[in-house]
Amino acid sequence: MTGEKRSYLIGQTEIPARPIAPALYLVATPIGNLADITLRALEMLASADIVACEDTRVSRVLLERYGIRRRTTAYHEHNAASAGPKLIEALAAGRSVALISDAGTPLVSDPGYRLVGEALEQGIRVVPVPGPSAALAALTASGLPSDAFLFAGFLPAKAGQRLTKLESFKQVPATLIFFESPRRLAETLAAMVEALGGARQAAIARELTKTFEEMRTGTLGELADHYAAADTPKGEIVICVGPAEATADQPADIDRLLLSLAAEMPASKAAAEAAKMTGGQKQALYRRLLELRENSGG
């Protein structure tokens, strides 16, 4: 390790990387445009004893772009059980680890939360190195309210589970943010119209920061119609959906919310979640859920 050169390039200028303290560094990397890397992120990647990443081939492109000659080690959801303990062992021995995902901020719909949890349990310092995030980039450019938002990641692939999940978000008084696969975009938008209503304002962000970046806005119904008729889009997709109208909750809507939540979790937890979403009382919602089950014979 002592023979490795620790520096990075800005243009044609080689900058020596200063030593960093032993810690787990969560380093955000560009979501498309490699120029979006921060100076601090470059120094962390050049200085760290170990650079842990999802796909070493993807990360190599970024490191070579900035002249960072560091060996990388793979850490992803499929090898976390074996790779995680090795990283914790290195951290406990006083080495520094920079964790990056393929793009964006680590732990946001990417592996790594287990590693952070294990590090904190062992008293190891965890340091965020903030930077690009597809979810926040889409939100800020969507024109939708940003004072309150809920990031929901990827929806379930199965139609029934996806609809149930969307039903649970119906009364959330915040802009909703989702990641989605291009090939499932049309059917997901159709499910959103069914669960959330076609009148909500929404935005589809595609290929953010890349050459063919696109932001399409309109109602959910309009966007669903467009993508149902269009060819399957290419690239990374972020869906932003405007918040629920600030109207009094109707009993029938609350009943549907309770039943959809109860299909995915125990009754007490379903009541607690419904209370958060509607502002109602947990015990009253719990009793109502039991009534609904009794009336339906369940």
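This text follows the structure it describes.
In this text, all values refer to a predicted model and were calculated from it rather than measured experimentally.

The rules behind these values
- Along every chain, residues carry numbers that run from 1 in the direction the sequence is written.
- In view of the model being predicted, local features appear only for residues whose pLDDT reaches at least 70, and side-chain atom pairs are presented and counted only at 80 or more, with totals across whole chains, interfaces and linings using the full set of residues.
- Excluded from the side-chain calculations are hydrogens and water; all other atoms, namely the structure's heavy atoms, are used.
- Only strands joined by at least two bridges in the DSSP assignment are considered to pair.
- Where helices and strands are cited, they refer to DSSP runs of H or I of at least four residues and of E of at least two residues respectively, numbered from the N terminus.
- Axis definition: a line fitted to C-alpha atoms, over the contacting stretch in the case of helices. Angles run 0 to 180 degrees between N-to-C directions.
- In this description, contact between two residues means that some pair of their heavy atoms is separated by no more than 4.5 Å.
- Each pair of aromatic rings taken from Phe, Tyr and Trp, with Trp reduced to its six-membered ring, is defined by centres within 6.5 Å and is described as stacked if the planes are under 30 degrees apart, edge-to-face if over 60, and tilted in the remaining cases.
- The cut-offs for exposure are 20% and 50% of the maximum accessible area for each residue type, with area from a 1.4 Å probe on protein chains only; residues under the lower value are buried, those over the upper are exposed, and the others partly exposed.
- Cavities and pockets are defined on a 1 Å grid built over the protein atoms alone: a cavity is a set of grid points where a 1.4 Å probe fits but cannot escape, while a pocket is an open set with protein on both sides within 12 Å along at least five of seven lines, and lining residues are those with an atom within 4 Å of any such point.
- Grid points are joined across faces, edges and corners, and a volume is the space filled by probe spheres set on the points.
- Think of it as three bins: nonpolar holds Ala, Val, Leu, Ile, Met, Phe, Trp, Tyr, Cys and Pro, charged holds Asp, Glu, Lys and Arg, and polar takes everything else, Gly as well.

1. Some details on the sheet that holds strand S12 (residues 237-241)
Within a beta sheet, neighbouring strands are joined by backbone hydrogen bonds and run either parallel or antiparallel to one another.
Stage number 1. Reading across the sheet, the five strands line up as S8-S9-S12-S10-S11 and stay open at both edges, with mixed pairing between neighbours. Two strands close off the open sheet at either side, each with one partner strand: strand S8 (149-154) and strand S11 (214-219). Each strand of the sheet is rotated relative to its neighbour by a mean of 15°, with strand direction disregarded.
Stage number 2. Here strand S10 (residues 201-206) pairs with S12 via five bridges, running antiparallel. By the bridge assignment for S12, Ala 205 is matched with Val 238.
Stage number 3. The sheet contacts of helix H7 (residues 185-196) involve strand S9 (175-180), S10 and S12, and relative to S12 the element is tilted by about 15°.

2. Considering the sheet that holds strand S7 (residues 126-129)
Stage number 1. Spatially, S5-S4-S6-S3-S7 is the arrangement adopted by the five strands of the open sheet, whose pairing is parallel. What marks the edges here is a single partner per strand, and that holds for strand S5 (72-74) and S7. Direction aside, neighbouring strands of the sheet carry axes that sit 25° apart on average.
Stage number 2. Note: strand S3 (residues 24-27) against strand S6 (residues 97-100), three bridges, orientation parallel. Across the sheet, Leu 26 pairs through a bridge with Leu 99, a residue of S6.
Stage number 3. The sheet contacts of helix H1 (residues 39-47) involve S3, strand S4 (50-53), S6 and S7, and relative to S7 the element is tilted by about 135°.
Stage number 4. Along the sheet, helix H4 (residues 113-121) makes contact with S3, S6 and S7, crossing S3 at roughly 150°.

3. Brief notes about the packing of aromatic side chains
Stage number 1. For the structure shown, the criterion picks out three aromatic pairs.
Stage number 2. Taking the centre distance of 5.7 Å and the plane angle of 65° together, the rings of Phe 154 and Phe 179 count as edge-to-face. One end of the pair, Phe 154, is in strand S8; the other, Phe 179, is in strand S9, with 25 residues separating them in the sequence.
Stage number 3. For Phe 154, a relative accessible area of 45% translates into the label partly exposed.

4. Considering the layout of surface pockets
In this approach, a probe sized like a water molecule rolls over the atoms, and the result shows the empty space that is left.
Stage number 1. Here the largest pocket defines a volume of roughly 870 Å³.
Stage number 2. For the largest pocket, the lining is made up of 36 residues, of which Ile 31, Asp 102, Ala 103, Gly 104 and Glu 236 are closest to its centre.
Stage number 3. Where the lining of the largest pocket is concerned, the elements lending two or more residues are helix H2 (56-65), helix H5 (134-142), S9 and S12.
Stage number 4. For the lining of the largest pocket, the element with the most residues is H2, which contributes four residues.
Stage number 5. Broken down by class, the residue content of the lining of the largest pocket amounts to 18 nonpolar, 10 polar and eight charged.

5. Quick look at the environment of Pro 132
Stage number 1. Relative to the helices and strands, Pro 132 resides in the loop between S7 and H5.
Stage number 2. Relative accessible area serves as the criterion here: at 14%, Pro 132 is assigned to the buried category.
Stage number 3. Linking Pro 132 and Val 27, residues 105 residues apart in sequence, is a C-alpha distance of 9.7 Å.
Stage number 4. Sequence-distant contacts of Pro 132, that is, excluding residues within four places in its chain, are made with Ala 28, Thr 29, Pro 30, Ile 31, Asp 36, Gly 104 and Thr 105.

6. Concerning unusual backbone geometry
Stage number 1. Of note in the backbone geometry, Ser 109 takes a positive phi value of approximately 55° without being a glycine.
Stage number 2. Note on placement: Ser 109 falls in the loop between S6 and H4.
Stage number 3. Overall, Ser 109 belongs to the partly exposed group, its relative accessible area being 35%.
Stage number 4. Notably, Glu 207 is not glycine yet its phi reads approximately 55°, a positive angle.
Stage number 5. You can see Glu 207 is positioned in the loop between S10 and S11.

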